[in-house]
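# A closer look at the structure
If you want the building blocks of each chain, they are given just below.
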Amino acid sequence: MVLNYTLSDLSEIAKEVIKNASNKVLLFYGDMGVGKTTLIKEIVKQLGVNDNVSSPTFSLVNEYHTTSGERIYHFDFYRINKEEEALDMGIEEYFYSNNWCLVEWPNKVENLVPLNAVSITITSNKNQLRTITLK
């Protein structure tokens, strides 16, 4: 799936990602500032979280709870240097928990992500447009 969007389309894009995801582990690829966290915030909102959502840059993972009690994990691996750091935090338990796992900078843990995880690439285009590719 490939879609172009602006920030005003974010709610619909998040719904499409959720609807078309074949797995609950979503890997977000894209340059710094392209809108990965912004999209993740909207996905989390669409899944039923009312809490304030922010990037877990320093804590590596934030846990959110939906109104129905489901857990959602938001990872940001930008600052890790070795995959062992993710292993030490128990990353495999998160990935195989059957909870939503939304992962920024998955290239830092590429040998640890499930093979059936959904890859989402966001690119910035002209005129404030973004392109999202879901595989």
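What comes next is a walk through the structure. (Residues numbered from 1 in each chain as written. Predicted model: local features only at pLDDT ≥ 70, side-chain atom pairs only at ≥ 80, totals over all residues. Heavy atoms only, no water.)

To continue, consider the overall build of the chain. A count of helical and extended segments in the chain gives four helices and seven strands. The linear arrangement of helices and strands in the chain, starting from the amino end, is β-α-β-α-β-β-α-α-β-β-β. Computed over its C-alpha atoms, the radius of gyration of the chain comes to 14 Å, within 12% of the 14 Å expected for a compact globule of 135 residues. C-alpha extents for the chain along the principal axes are approximately 40 × 35 × 25 Å. For the chain, with 135 residues in total, the buried portion stands at 46%. Within the chain, contacts between residues separated by at least 24 positions form 59% of all contacts whose residues are at least 6 apart in sequence. Of the roughly 7400 Å² of accessible surface on the chain, a fraction of 45% belongs to carbon and sulfur atoms. Where the 13 positive side-chain charges of the chain centre and where its 17 negative ones centre are 7 Å apart. (Helix = DSSP H or I, 4+ residues; strand = E, 2+ residues; numbered from the N terminus. Rg over C-alpha atoms; globule rule 2.2 N^0.38 Å. Buried < 20%, exposed > 50% of the residue type's maximum accessible area, 1.4 Å probe, protein only. Contact = heavy atoms within 4.5 Å. Areas by Shrake-Rupley, 256 points an atom, 1.4 Å probe, with all protein chains shown as cover. Lys, Arg positive; Asp, Glu negative; His and termini not counted. Charge placed at Lys NZ, Arg CZ, Asp CG, Glu CD.)

Moving on: the pattern of salt bridges. Scanning the model with the defined rule gives three salt bridges in all. Residue Glu 12 pairs with Lys 15 through a salt bridge whose shortest N-O separation is 3.5 Å. Of this pair, Glu 12 and Lys 15 both sit in helix H1 (residues 10–20), separated by three residues, roughly a single helical turn. Linking Glu 63 and Arg 71 is a salt bridge whose minimum nitrogen-to-oxygen distance equals 3.4 Å. Given the relative accessible area of 38%, Glu 63 is considered partly exposed. (Salt bridge = Lys/Arg side-chain N within 4 Å of Asp/Glu carboxyl O.)

The backbone of Asn 127 shows a phi angle near 60°, a positive value even though the residue is not glycine. Among the secondary structure elements, Asn 127 is positioned in the loop between strand S6 (118–124) and strand S7 (130–134). With a phi angle near 65°, Gln 128 is a residue other than glycine that sits in the positive phi range. Within the secondary structure, Gln 128 sits in the loop between S6 and S7. Classification of Gln 128 as exposed rests on a relative accessible area of 64%.

This part takes up the packing of H1 against helix H2 (residues 36–46). As a packed pair, H1 and H2 sit with axes 9 Å apart at the nearest point and diverge in direction by 70°. Considering their axes alone, H1 and H2 lie roughly perpendicular with respect to each other. Of the residues in H2, those touching H1 at Leu 10, Ser 11, Ile 13, Ala 14, Lys 15, Val 17 and Ile 18 are Thr 38, Leu 39, Glu 42, Ile 43 and Gln 46. (Axes fitted to C-alpha atoms, helices over the stretch in contact; angles between N-to-C directions. Parallel < 35°, antiparallel > 145°, perpendicular 65-115°, else oblique.)

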